[in-house]
Structure formats: C-alpha cells, structure tokens
Amino acid sequence: MSPGICPLAAMRVGECGRVQPVQADHPAVPRLLAMGLLPGTEVRMVQIAPLGDPVEIEFRGMRLSLRKADAAAVMVDLAENG
Amino acid sequence: MTTGLSSAPRTLRVALMGNPNTGKTTLFNRLTGSRQKIGNYPGVTVEKKFGSWEYGGRTVVLVDLPGTYSLAAASPDERVALDFLTGNLAGEQPPDAVICVVDASNIVRNLFLASQVADLGLPLVIALNMADAADKAGIIIDTALLSRRLGVPVVRTVATKGDGIEALEKAVNHVVDDRSLMACVPWPESVDRAMARLAEGVDEAGVQRLSPGELRRVLFDPRSAVLERAGWPADADPALLLAPARGILAADGIQPASAEALLRYEHLGHLTADAIRFPEKRRRTWTERVDAVLTHRVWGMAVFILMMFLVFQSIYSWAGPFMEAIETGVAWVQELVAPWLEPWPALQSLAVDGVVGGVGGVVIFLPQILILFFFIALLEDTGYMARGAFLMDRIFGWCGLNGKSFVPMLSSYACAIPGILATRTIEDPRARLTTILVAPLMSCSARLPVYTLLIGAFIEPAYGAAAAGLTLFAMHFVGLAVAVPVAWGMNKFILRTHPQPFLLEIPPYRRPRLRDILWRMWERAREFLVRAGTVIVAITVIIWALVYFPRPDSVGARVESELAASGAGVEDISRRIDAAYIEQSYLARAGRAVQPLFEPAGFDWKITVGVLASFPAREVIIATLGTIYGVGTDADEESDDLRSALARDVWTGGRRAGEPVFTVPVALAIMVFFALCLQCGATVAVMAKESNWGWAVFAFCYMTFLAWAGAVLTYQLGTRWLAL
Ligand SMILES: Nc1nc2c(ncn2[C@@H]2O[C@H](COP(=O)(O)OP(=O)(O)OP(=O)(O)O)[C@@H](O)[C@H]2O)c(=O)[nH]1
Ligand SMILES: [Mg+2]
C-alpha cells in the first residue's frame, strides 16, 4: 500500500490514523494543539454529520466535532495503523 | 486558630479554572452552597460568578470562571478567565490560589491548562473531578503519586455527590500558606533567550512591564489579550515586537506556533506516565451505542425532528388539566371578590376584569412554560445539545453562523436573554453579533401562551388535536426559518464575517438529575409569576382604565331607549350597553386610529391595541384581551373563558359588519406577528449591553417590520388563496 497520507477531513468513518506535522498558519491549529491533537497523536473518524459536514473525531479519549474546512489543516497517516 | 497563620490574609480569593464541562460549576455550587446553572455541554458558564465559604477562620471567596482549553484567550469568555488570573481587571489583584478542575478521564489534556496557569506563578490545587466516571471506565489513578510528581495537592472529587469537598477546602487553605507551585516545563534555553529579548522589546515600546508568565503567553499566542491589556495600542502590529524573539526560537529549530503544545504535552506525558493506568482493552461505551443512532447520517436527523415534534405535542396535551385547574381557581377568585365590591362598580371592574382577569389569563399558561422548560433542561443535562449542534452546524454554516451559535439559539427557545449571554463563547465578534441579532427570532417561552390561546380557540376546534400540535410545532420553526436568511443577509451585506474554526467537544451522555431540573423549572416559574405580578399588572391597570372610561350616562340611556322599543330581553340590553361603552372608550378611539395600519393583516382595533400594548412584554396581549373582553361582560354573570369570548366576537361596523373578528387566517397572522416581533423590553436592554444601543434599535426595527410583513402575508395568503 502506498504511504496513506491524507487530510483528516478525507478519512472514512471508522478509520484510524496518526497526525502528521501541522500547518501552523491555519486559525484552527492553535486550538487543536491546545486540545492535544499533536503530531503523532492517534485519531479515529467517528461520524460524519447528516449534511456531510462537520465530522466527529476521537483522540486522547475525547470526542470533538469540527468542520471539514478546519480538519483540512491536519494531515494523517493511515498506513501506520492499517 | 494558630498564630502561624496570622500573617496570612483572612480573606482569600480563589479562582476555579478548568476545561469546559469538567464540573467546575457543580463544584462551585457544592463549595459555596450556590445554585448556578450547570449543564452537560461545553460553555454553560460565560460570566464570572462569585461565592464564598469559611475555613479555618478565613473567608474564601471563590470565582467560577468560564471553561477554557488554553490561555490563548480567543473568545470573550476566555478573556474573562485570563484577565482574572493576571489581575488585569480594573481594581482587582490576581487570585491567591487557583483550583484547577481536571476531568479524571482525560488528565493530560486537562493538565495542559493547569500548567499554563502554573506558569503565571499562581499556587494551585488540582481537583480530579468526575472520579466516578473514570472508575467506571476502568482508569486507575494513583493520586498520591500524581500529587508528588506535579508538586501540588491533587484531590479526588465527585462534585455531583459532594465527595472530596472537604479535602479540597483543606488543600486550598494549605497551598495559600505553602504557595505550592506546579512542576515547571523544562523550557529549552532558546525559549529563555527569546523571552529576554521580548522583555527588552516591551521596555523599548514603553508599555507596562510583564511578568515572565505573561511574557511567555505573548511569545506563544500571536493574538494574546495580554499585550493589549498592558497598553499595547490596538492598531499597532505586535509582529514587529515579536519578530526578533520568535526569530531566536526559529534559529533553534523550534516552530513558535506549535512549540508550546509539543513541549508541554511531552512534559506532562512524562510526569503522569506511571500514575495513570488505562484499561487494556477499550470498551465500547453506551454513549457510543446511543450515538450510533442519534448522530447517524439518516436516523440522527429523523430522531431529531421526531423528538422536537413530540416535545411540542406533549406541551400541548399534558398541560390541559393543569390549565383547567388554574382557570377554575381564577374564576373562583373573581366570584369571591365581585360581591364585596358591588357598591363600587368601577372598582369592581378594575379588580375583577382588570387585575384578576388580566393577570389570571396570563398565569393560566404557566404549566405549558414549565413543560417546555422541563424538556429543555432534559436536553441540556443529558448531553444532547452538543449532538444538536453537530447535526445542525451545516445549516448554520450556510448562513455564515457557526455551530457554536446553536447553543445560544436553542437557549433562546427558553428565553432570549440567556441565549444572548451564551453568545460569549463565540470567538468571532461578527459571528457573535449576528447570533445576537437573530437570537430573539427564536420562539421563546413567553410566546407560548399566545400560540396556545389562539390554537386552542381556532385551530383545534376546526382541525383537531393533531393539527393543533403540528401548528404549535410549526410556529416554533417560523422564527428559525426567517433567522437563516436574515443571518445570511447580515453576513453578506452588513457584517461580512469570515468563516471561523468550529470546534465543539462532544461530552458523554449523563443521567440528568431531577433535582436540578426541578430547580430550573421553579426558577422560571418564579420569574414568570413575578413578571405577571409587576409589569403585567401595571400595564393591565392602564389598559383597564383606558377601556372603562369615559362612562357618560347618556350612552347607556341611549342604548336602553333604543332597545326597549324593540322588546329585547334584560340580559341582551345589558350586554349591548357594555359593548356600546367599550366602543366609545379611549382605548377604542386610539385603537381605531391605528387600526388601518393592521387592516391588511385582518386585525380589528382590539387586536391592534393588544399588539401595541405587548411591546414591553409579549404576554401582555393575553391580559389585554382578557381585560377588554372582561369589561365587555357583566362581572356577576358566570365568567366564561377568553377562548369562547374571542370566538363570539364580531365586527361591529365597516364592510365586514357581523362577520367574526377571529378567523383562522387572523389567528395565524397574530401568531406569526408574535413569532417575529421583538416585544420584550428586557431582551432589547440585554442586546444593547452585549453589543450597543445602535444594534439593539436595529434589531427592534427589523423585527417589527418582519412581523408586520409576515402577519400581512399570512392573512392575505390565508384568505385569498387557501380560503381558510
Ligand atoms: N459523573 C459525574 N458527573 C459530573 C460530576 N461533576 C459534574 N458532573 C456533570 O458534568 C456536567 C458539567 O457540569 P458543569 O458544572 O456545568 O461543568 P462546567 O465545568 O461548569 O462547564 P462550563 O461552565 O460549560 O465550562 C453536568 O452534567 C454535571 O452534572 C462528577 O463528579 N461526576
Ligand atoms: Mg460552568
């Protein structure tokens, strides 16, 4: 399988991945970092809202709902978790 | 009392900090015996609240702060927290100690904030709250070890049951004397150099000196409120000041934007590693099972709509017996009072028709408001609110609002005032303003009496109980349906907001506590009754006077002589006399003068007067109609309810003479008017306080116009095309 790096927003429900180094200039990034979504953190896509946006992810035992536009600031590596 | 403490202050100021929804307010209520609002979603507390307790001869003043994830202070409520900690509020010192409330199921993330607070040099106690939930999840925490590692007291608490409260009080007393500081992050040496450089820059710029903790905030948060508070001009670009210091970090290979989070989390991870043990295998929690349905792509929406429908259906059907009981009570009081005041007809009318009839008419609707509150409290306490925001965010996104507008908007269904206060969690000032401007369009509980009166009188008899519930449900969507394009227009043409990050933590479901729910219902009931006893009584008395006077004897004599010839019965004569008096009263004259404005909506002068009198508070319409129709009937006769009086009323003149005043389109037009109009003085005042008077007046004007247009449209559509 090719290196499975994709935007967080593109993950499918149930998929897991590890966060890659982040783009620091996106306005959502400081908040995500403060919540502990750091490079190396494992995330899981829990649910996508009925209208396609926002999405709900899980990391560090918490569940967070965020818009795809904000999730786009974060890349994840799916390969590391299969 | 030991002498060792004599040097310490006798009044301590302690701040309660922590991530949103960790139980700070629950703990605050336990510690201080207060009853501040709690709820299972992030962002319940948006203002600081004070309370106090006594311990060891000291008075401890506790401040409950809004929850925050970091001290970056992006939204107004987070600024409140930061300003309080740094002593930047006018006339206030930094607190003597901080209780940091930490969710025991998610310790590391919660400690991030604690470590930022510790950097400001404040003594700290950690309350490991929701320890019961952590136990259930199989998380094992060595509190003593954690306390040793962190260097500050760690107290296990279960705020809902009151466990650990005493230990917490003791720990607070202890750290104030001890000044226990939490273990510091071992910052790389380049961070120290960068801070030194920044301090020079601050000195050169001539703004107020900053403490090392504040300097660190400025270094890491590009838009920190600290600089502004220190006197940095709002229009000057802080980048100039920051560039040299941040350059030092970059030269060392440290990215300033993510450095703080990475370093702190790494440090905290090390400190806590052997003190917390997570269960080997992740269990599927029941929150996940429930959410598999409630936030499901298809079922989620279906359940949401079905649930809302059931709420309104039950408001409509459950309240019946209670309303009848109150109605009987009001009639009983009227019958009791009437004979006493027989010798003074004017006074009798004032008491029976004005005060008791008018206010009683409003109080009848208390049960429905309580049922609505019961459901809202249930949604808030179980944790469904955050799910609602998740489901609806896209719709808000289309019109430029954000998912965080959901909580203020839903709260506005109870009352717009807390709804408007709840907008403080919204970071973007313009998105916040838009939310404030549309929040009063949400159908608040004070509109409920208007809807149910008219639905009960005209929709239910004509179309049945199911249609009645459906109409009530639909009325609660009218405001929302209008709010979406209004918000869109405001964003597009007036405020021009930029998309904002929307991050909302989804809490686990929790069992609601009946006591909390009953308390909130009681508070609302009290407020409603106080309003009925003050504002509404006052307006009712004025209305009564205007509808009762003038009373020239000539009017009665004329009607009597006219009718005597036609051989009408005594009862009929007295009713006609009353009607004749009302038709020439001051109120009728004024009402008729304004009525042409509402002619296209099908309102007669009585409805017009009711609508105008309701601008200070919308419930007044019920009292006004009650008074007008009350004066219209003989006080001694079996007082029948307002519904049948409305249904009986006919036009006395004009082209519709003899036709009923209230038809289905008229009833719908009145409801639409009330759904869209800003008839609440208190809300206008709060809007002015949270934005400014200009916007409050703007909101008042646009909503009044929309209400009028909506009523006209409804009436015209209803009579011409639907032939209702
Ligand atoms: N199981 C459990 N639930 C708790 C405990 N403490 C609080 N809760 C619940 O957690 C929810 C949040 O409580 P709040 O006191 O409103 O939290 P807060 O930190 O003030 O929240 P914000 O004001 O939004 O920041 C409520 O539903 C409480 O009933 C606890 O010790 N155990
Ligand atoms: Mg709170």
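This structure is a prediction, so every number in the text was calculated from the model and none was measured. (Residues numbered from 1 in each chain as written. Chains lettered and ligands numbered in written order. Predicted model: local features only at pLDDT ≥ 70, side-chain atom pairs only at ≥ 80, totals over all residues. Heavy atoms only, no water.)

Enquirer: Would you explain the overall build of chain A in this entry?
Expert: Regarding its fold elements, chain A presents 2 helices and 6 strands. Start at the N end of chain A and walk to the C end: the helices and strands fall as β-β-α-β-β-β-α-β. Against the 2.2 N^0.38 benchmark of 12 Å for 82 residues, chain A shows a C-alpha radius of gyration of 12 Å, consistent with a compact globule. With the C-alpha coordinates aligned to their principal axes, the bounding extent of chain A is approximately 30 × 30 × 20 Å. Relative to its full complement of 82 residues, chain A shows a buried share of 60%. If you take every contact in chain A between residues at least 6 apart in sequence, the share linking residues at least 24 apart comes to 59%. Carbon and sulfur atoms make up 55% of the accessible area of chain A, which totals about 3,200 Å². (Helix = DSSP H or I, 4+ residues; strand = E, 2+ residues; numbered from the N terminus. Rg over C-alpha atoms; globule rule 2.2 N^0.38 Å. Buried < 20%, exposed > 50% of the residue type's maximum accessible area, 1.4 Å probe, protein only. Contact = heavy atoms within 4.5 Å. Areas by Shrake-Rupley, 256 points an atom, 1.4 Å probe, with all protein chains shown as cover.)

Enquirer: In this structure, what is going on with the nonpolar core? I would like to understand it.
Expert: Nonpolar side chains in soluble globular proteins tend to end up buried together. By size, the foremost hydrophobic cluster in this structure holds 140 residues, and its most contacted members are F603, F662 and F673 of chain B. If near-sequence neighbours (up to four positions away) are discounted, F673 of chain B is found in contact with F598, F603, V611, F615, Q679, A707, W708 and A711 of chain B. (Core = buried A, V, L, I, M, F, W, Y, C linked by side-chain atoms within 4.5 Å.)

Enquirer: Explanation requested: the site of ligand 1 in the structure shown.
Expert: All names here are of chain B. Every one of the 23 residues lining ligand 1 counts as a neighbour, but K24, T25, T26, G43 and V44 are closest to it. At 2.8 Å from an oxygen atom of ligand 1 is found a main-chain nitrogen or oxygen belonging to G43. T160 is positioned with one of its side-chain polar atoms (N or O) 3.4 Å from a nitrogen atom of ligand 1. Looking at which element gives the most residues to the shell around ligand 1, the answer is helix α1 (residues 24-32), with 3 residues. Along the lines of polarity and charge, the residues of the shell around ligand 1 split into 8 nonpolar, 12 polar and 3 charged. (Near = heavy atom within 4 Å. Polar contact = N/O pair within 3.5 Å; in protein donor to acceptor, adjacent residues only side chain to side chain. Nonpolar A, V, L, I, M, F, W, Y, C, P; charged D, E, K, R; others polar.)

Enquirer: Sorry, what's going on with the coordination of the magnesium ion (ligand 2) here?
Expert: Ideal coordination angles are 109.5 degrees for a metal with four donors arranged tetrahedrally and 90 or 180 degrees for a metal with six donors arranged octahedrally. Residues and elements named next belong to chain B. Protein-derived coordination of the magnesium ion (ligand 2) comes from T25 (OG1) and T45 (OG1), at a distance range of 2.0 Å. Of this pair, T25 sits in helix α1 while T45 sits in the loop between α1 and β2 (49-55), and the two are 20 residues apart along the sequence. Here T25 falls in the buried class, since its relative accessible area comes to 8%. For T45, a relative accessible area of 12% puts it in the buried group. (Donors = N, O, S within 2.8 Å, 3.2 Å for Na, K, Ca; no water.)

Enquirer: Got a minute to help me understand the domain arrangement of chain B in this structure?
Expert: Interface size is commonly expressed as the accessible area that is lost once the parts come together. Residue and element names in this part refer to chain B. Assigned domains within chain B: domain 1 (2-178) and domain 2 (189-253). For domain 1 versus domain 2, the distance between C-alpha centres works out to 28 Å. Domain 1 puts 11 residues into the contact, and the matching count from domain 2 is 10 residues. At the boundary of domain 1 with domain 2, total buried surface from both sides reaches about 1,000 Å², with 45% on carbon and sulfur atoms. Broken down residue by residue, the surface that domain 1 buries against domain 2 is led by R79, N88 and D119, which jointly contribute 42%. (Domains from an automatic or database assignment. Buried area = accessible area lost by both parts, 1.4 Å probe.)

Enquirer: I would appreciate a short explanation of unusual backbone geometry in the present structure.
Expert: If a residue is not glycine, its phi is most likely negative; likewise, a peptide bond is most likely trans. Cis geometry marks the peptide bond from D53 of chain A to P54 of chain A, where omega comes out at -5 degrees. Considering the arrangement of structural elements, one finds P54 of chain A in the loop between β3 (42-48) and β4 (55-59). A cis amide bond, omega -5 degrees, links F549 of chain B with the succeeding residue P550 of chain B. Positioned with a positive phi, N21 of chain B is a non-glycine residue whose angle comes to about 60 degrees. Among the structural elements, N21 of chain B can be located in the loop between β1 (11-18) and α1. You will see that M130 of chain B, though not glycine, has its phi angle at about 55 degrees, which is positive. Its location among the elements puts M130 of chain B in the loop between β5 (124-129) and α4 (131-136).

Enquirer: Help me understand the pattern of salt bridges in this model?
Expert: In total, this model carries 35 salt bridges over all chains according to the counting rule given. In this structure, the salt-bridge partner of E15 of chain A is R12 of chain A, at a minimum N-O distance of 3.3 Å. The shortest N-O distance in the salt bridge between R193 of chain B and E189 of chain B comes to 2.7 Å. Within this pair, R193 of chain B and its partner E189 of chain B are both found in helix α7 (residues 189-205), separated by 4 residues, close to a single helical turn. When its relative accessible area of 42% is taken as the criterion, R193 of chain B is described as partly exposed. Here the salt bridges share partners, and the residues they tie into one network are E47, K49, R424, R432, K689 and E690 of chain B. (Salt bridge = Lys/Arg side-chain N within 4 Å of Asp/Glu carboxyl O.)

Enquirer: Any chance you could explain the pairing of β2 of chain B here in plain terms?
Expert: On any regular strand, side chains alternate: one points to one face of the sheet, the next to the other face. All names here are of chain B. Inspection of the sheet shows β2 paired to strand β3 (residues 58-64) by 7 bridges, in the antiparallel sense. Directly across from S52, in β3, lies its bridge partner V61. In this structure, the hairpin formed by β2 and β3 is closed by a connection of 2 residues, where G56 is found at a positive phi of approximately 50 degrees. (Pairing = 2+ DSSP bridges.)

Enquirer: Could you clarify how one ought to interpret the interface of chain A and chain B in this entry?
Expert: If you look at the interface, chain A gives 32 residues, while chain B gives 41 residues. Taken together, the connections running from chain A to chain B amount to 3 salt bridges. Going through the elements one at a time, α1 (29-34), β3, β4 and β5 (62-66) of chain A are the ones with two or more residues in the side of chain A that touches chain B. Counting residues per element, the side of chain A that touches chain B draws most heavily on β5 of chain A, which supplies 5 residues. Among the residues forming the side of chain A that touches chain B, the class breakdown is 19 nonpolar, 4 polar and 9 charged. Where β5 of chain A meets strand β9 (residues 503-505) of chain B, 3 bridges bridge the pair, whose relative direction is antiparallel. Following the sheet pairing, S65 of chain A is matched in β9 of chain B by L504 of chain B.

Enquirer: Explain the packing of aromatic side chains here, please?
Expert: The relative placement of two aromatic rings is captured by the distance of their centres and the angle of their planes. Residues and elements named next belong to chain B. Under the definition given, this model contains 21 aromatic pairs over all chains. When the ring of F374 is compared with that of F375, the centres are 5.6 Å apart and the planes differ by 70 degrees; the resulting orientation is edge-to-face. F374 gets classed as partly exposed once you look at its relative accessible area, which sits at 25%. With a centroid separation of 5.7 Å and 85 degrees between ring planes, the pair formed by W544 and F549 is classed as edge-to-face. Residue class for F549 comes out partly exposed when judged on its relative accessible area of 34%. By way of ring pairs, the aromatic residues F309, F312, F473 and F477 are connected into one cluster. Taking the ring centre of W519 as reference, the NZ or CZ of R35 above it sits at 4.0 Å. (Phe/Tyr/Trp six-rings, centres within 6.5 Å; stacked < 30°, edge-to-face > 60°. Lys NZ or Arg CZ within 6 Å of the ring centre and 35° of its normal.)

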